[in-house]
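Each chain is listed here by its residues.
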Amino acid sequence: MKRLNLKVAALLLMGSVVYSSCIGSFALFNKYAKWQRTMTGNKYVNGIVGIFLQPIVGVICLFVDGLIINTIEFWSGSNPVQANIGKTQQVVGSDGRAYAVTTLEDGYEVKASTGEVTLFKHVAETDAWTVTQNGQTKELFRYNADGTITASVRGQDMTFTADQQGLYQARMAAGGGLFFAVD
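Only a predicted model underlies this, so the values are computations on that prediction, with no experimental measurement involved. (Residues numbered from 1 in each chain as written. Predicted model: local features only at pLDDT ≥ 70, side-chain atom pairs only at ≥ 80, totals over all residues. Heavy atoms only, no water.)

**Q** Got a minute to help me understand the layout of surface pockets in this structure?
**A** Any space left empty among the atoms is revealed by the rolling of a water-sized probe across them. Within this model, the second largest pocket holds a volume of roughly 230 Å³. In this structure, the second largest pocket is lined by Tyr-32, Ala-33, Gln-36, Arg-37, Asn-46, Gly-47, Gly-50, Ile-51, Gln-54, Pro-55, Arg-171 and Ala-174. Listing elements by their share of the lining of the second largest pocket, those giving two or more residues are α2 (27-38), α3 (43-76) and α4 (164-174). By residue number, the principal contributor to the lining of the second largest pocket is α3, which donates 6 residues. Residues of the lining of the second largest pocket, tallied by class, amount to 5 nonpolar, 5 polar and 2 charged. (1 Å grid on protein atoms, 1.4 Å probe; cavity = no way out; pocket = protein on both sides within 12 Å on 5 of 7 lines; lining within 4 Å. Points joined across faces, edges and corners; volume = space filled by probe spheres on them. Helix = DSSP H or I, 4+ residues; strand = E, 2+ residues; numbered from the N terminus. Nonpolar A, V, L, I, M, F, W, Y, C, P; charged D, E, K, R; others polar.)

**Q** I tried to follow the nonpolar core on my own but got confused; where do I start?
**A** Nonpolar side chains in soluble globular proteins generally cluster together in the buried interior. By size, the foremost hydrophobic cluster in this structure holds 22 residues, and its most contacted members are Ile-48, Val-49, Phe-52, Phe-141, Tyr-143, Ile-149 and Phe-160. Secondary-structure elements contributing two or more residues to this core are α2, α3, β6 (136-143), β7 (149-153) and α4. Sort the elements by how many residues they give to this core and α3 lands first, with 7 residues. With residues near it in sequence (within four places) discarded, Phe-160 still touches Ile-48, Phe-52, Thr-148, Ile-149, Ala-151, Val-153, Gly-166, Gln-169, Ala-170 and Ala-173. By size, the runner-up hydrophobic cluster in this structure holds 6 residues, among which are Ile-69, Tyr-99, Val-110 and Ala-112. (Core = buried A, V, L, I, M, F, W, Y, C linked by side-chain atoms within 4.5 Å. Buried < 20%, exposed > 50% of the residue type's maximum accessible area, 1.4 Å probe, protein only. Contact = heavy atoms within 4.5 Å.)

**Q** Sorry if this is basic, but what is going on with the pairing of strand β5 (residues 128-133) here?
**A** Strand residues, when the strand is regular, have side chains that alternate between the two faces of the sheet. Burial within β5 is extensive, with 5 of its 6 residues counted as buried. Here strand β4 (residues 117-123) runs beside β5; their pairing, made up of 6 bridges, is antiparallel. Its bridge partner lying in β5, Leu-119 is registered against Thr-132. With antiparallel pairing between neighbouring strands as the criterion, β4 and β5 make up a hairpin whose turn holds 4 residues, including Asp-127 at a positive phi of roughly 50 degrees. Taken together, the 6 bridges between β5 and β6 define a ladder with antiparallel strand orientation. Looking at the pairing, Ala-128 lines up with Arg-142 of β6. (Pairing = 2+ DSSP bridges.)

**Q** What is the right way to read the sheet that holds strand β3 (residues 107-112) from this model?
**A** Note: strands within a sheet are paired through backbone hydrogen bonds, in either parallel or antiparallel orientation. The strand order across the open sheet formed by 8 strands is β1-β2-β3-β4-β5-β6-β7-β8, and the pairing between neighbours is antiparallel. Among the strands making up the open sheet, the edge pair consists of β1 (88-92) and β8 (156-160). For this sheet, the mean angle separating the axes of adjacent strands, direction not counted, is 25 degrees. Note: β3 against β4, 5 bridges, orientation antiparallel. Bridge pairing links Tyr-108 to Phe-120 in β4. Sheet strands in contact with α4 are β7 and β8, and its direction is about 155 degrees off that of β8. (Axes fitted to C-alpha atoms, helices over the stretch in contact; angles between N-to-C directions.)

Encoded structure:
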């Protein structure tokens, strides 16, 4: 009987830690998710672009939020994620390295502790998002005048329609022809 009570007490103690409401607001991820859902007025366009960004940006946002920003929020009482242009945030990547992320008027500058700088910028003239690293700029994706989206998939530019068919095609292209339905 004592052994059962000890197990119940241990489970209650673990539950009190897990459900203590000190996990934070996940402001960075929620900000990204809101932007991803509302970047255009077309849910298919948002879905197609999200397919290419979510595995990278979404995972990074969740990691940074869960381990760094929410801890800062818990101990300081305020969340450091704000959209102030020119403000620099210090974050630690999943690789354990420190990064300085500065919000620019048209994107973000990410500076590694090694001095390497990566720029993510929105180019208004072409309505595209680019990444610049080591002096080389590469277009990630762009919105076309005809309502389609062109994205770089495994080094090849592919154009997708902003509808359910385009969303399916983008998922297939990003997954190398593999698509797993999740309900």
